[in-house]
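The lines below spell out each chain.
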Amino acid sequence: MKQVIDFYFDFGSPNAYLVHKVLPNLAQANNASVRYHPILLGGVFKATNNQSPMAAFANVKHKLAYQAIEIKRFVEHHKLTFHMNPFFPVVTLGIMRGAVFAQGKPWETTYRDAIFEAMWVHGQKMDDPSVIQEVLNEAGLPTQEFLEATQDPDVKNTLVTATTSAVDRGVFGSPFMFVDDEPFFGKNALQDIEIYMK
């Protein structure tokens, strides 16, 4: 039976973008598939008493500089395109609601790819409604439907429920993955996933 990798993500995480770029090929090479779970990272942090690395390590000498080196190595190893978003941290509430709305639609993958690239390749301000609209238009997505969906109570509640369920499962940040019920956190856990699936 084909294994499933559950991937909990928020567009606002640079490491979630990096995992998003590598995980599908890893899954395919191991006869697995990826199931994406949109969550609101701010909600996860609040529920778990966690905080972003930028905040957690702000006063730790050399730590953030090392993280930048680590990202550079990962990007070069996997031959990716990545640029730190100049507007980071970006409020992702609207685009994460969009990810909820996109679930199960024929253009779900197109939406994910377009938003991740806008954030971490093109460095766009993805909490600005006019910028979001431009990105959606360029990707050929139903822009008006998305904008309306971000205000839909069902979509809002689904994102809240998904975030709560993720925390209940053991998620405390993003990127977070499960194979079966085995948890894996962070981009450097990709190697551990491969070992687990062998």
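Numbers given for residues are sequential positions, taken from 1 along each chain in its written order. Under the rules for a predicted model, residues below a pLDDT of 70 receive no local features and side-chain atom pairs below 80 are neither given nor counted, while totals for whole chains, interfaces and linings still include all residues. Side-chain metrics in this entry use all non-hydrogen atoms of the structure; hydrogen atoms and water are not considered.

Once that is clear, we can look at the overall build of the protein. From N to C terminus, the protein includes 10 helices and 4 strands. The helix and strand labels rest on DSSP assignments: H or I over at least four residues marks a helix, E over at least two residues marks a strand, and numbering proceeds from the N terminus. Going from N to C terminus, the protein has its helices and strands arranged as β-α-β-α-α-α-α-α-α-α-α-β-β-α. It is over C-alpha atoms that the radius of gyration is taken, and the globule rule equals 2.2 Å times the number of residues to the power 0.38. Since a compact globule built from 198 residues should have a radius of gyration of about 16 Å, the 16 Å found for the protein is in line with a globular shape. In terms of its C-alpha atoms, the protein occupies a principal-axis envelope of roughly 45 × 45 × 35 Å.

So, about the sheet that holds strand E4 (residues 182-185). Criterion used throughout: strands pair if DSSP finds at least two bridges between them. Strand order in the open sheet made by the 4 strands is E2-E1-E3-E4, with mixed pairing throughout. Each edge of the open sheet carries a strand with a single partner, namely strand E2 (32-38) and E4. Strand-to-strand twist of the sheet, defined as the mean angle between neighbouring strand axes without regard to direction, takes the value 25 degrees. Examined bridge by bridge, strand E1 (residues 3-9) and E2 share 7 bridges and lie parallel to one another. What sits directly across from Phe7, in E2, is Tyr36. Lines fitted to C-alpha atoms define the axes, with helix axes restricted to the stretch in contact, and inter-axis angles between N-to-C directions lie between 0 and 180 degrees.

What makes a salt bridge here is a side-chain nitrogen of Lys or Arg within 4 Å of a carboxyl oxygen of Asp or Glu, nothing more. Inspection of every chain in the model, using the stated rule, returns 8 salt bridges. Of the charged contacts, one joins Arg35 and Asp6 as a salt bridge, the two residues approaching to 2.6 Å between their closest N and O atoms. Here Arg35 is found in strand E2, whereas its partner Asp6 is found in strand E1, with 29 residues between them in sequence. For Arg35, a relative accessible area of 43% gives the class partly exposed. The network of salt bridges with common partners includes Asp6, Arg35, Arg169 and Asp181. Here the term buried applies to any residue with accessible area under 20% of the maximum for its type, exposed to any over 50%, and partly exposed to those in between, with areas from a 1.4 Å probe on protein chains only.

Our focus in this paragraph is helix H4 (residues 63-78). By definition here, a helix of n residues has an expected span of 1.5 Å times n minus one. Its 16 residues give H4 an end-to-end C-alpha distance of 23 Å, which sits within 8% of 22 Å, the value for a rise of 1.5 Å per residue. Immediately downstream of H4, the backbone of Lys79 shows phi near 55 degrees, a positive value.

With that settled, consider the environment of Thr110. As for its placement among the helices and strands, Thr110 is situated in helix H6 (residues 108-120). Whether two residues touch is decided by their heavy atoms; if any such pair falls within 4.5 Å, the residues are in contact. Leave out the neighbours within four places in its chain, and Thr110 touches Ala139 and Leu141.

The subject of this paragraph is the pairing of strand E3 (residues 176-179). Going residue by residue along E3, you find Phe176 and Phe178 tucked away on one face and Met177 and Val179 tucked away on the opposite face as well. Here E1 pairs with E3 via 4 bridges, running antiparallel. Bridge pairing links Phe7 to Met177 in E3. In the sheet, E3 pairs with E4 via 4 bridges, with the strands oriented antiparallel. The partner of Met177 across the bridge, within E4, is Phe184.

A few words now on the confidence of the model for the protein. Residues with a pLDDT of 70 or more make up 99% of the protein, whose mean pLDDT is 94. Residue-level confidence of the predictor, termed pLDDT, takes values from 0 up to 100. In the model of the protein, helix H3 (residues 53-56) stands out as the element of lowest mean pLDDT, 77, in contrast to H6, which has the highest, 98.

Okay, the nonpolar core next. To qualify as a nonpolar core, a set must consist of buried Ala, Val, Leu, Ile, Met, Phe, Trp, Tyr and Cys residues joined through side-chain atoms within 4.5 Å. Within the largest apolar cluster, 52 residues are counted, with the highest numbers of intra-cluster contacts made by Ile5, Tyr111 and Met126. Setting aside residues no more than four positions away along its own chain, Ile5 makes contact with Leu23, Leu26, Ala27, Ala32, Ser33, Val34, Arg35, Met177, Phe178, Val179, Ile193 and Met197. Formed by 9 residues, the second largest nonpolar core is a distinct cluster that contains Tyr8, Ala166, Val171 and Phe176.

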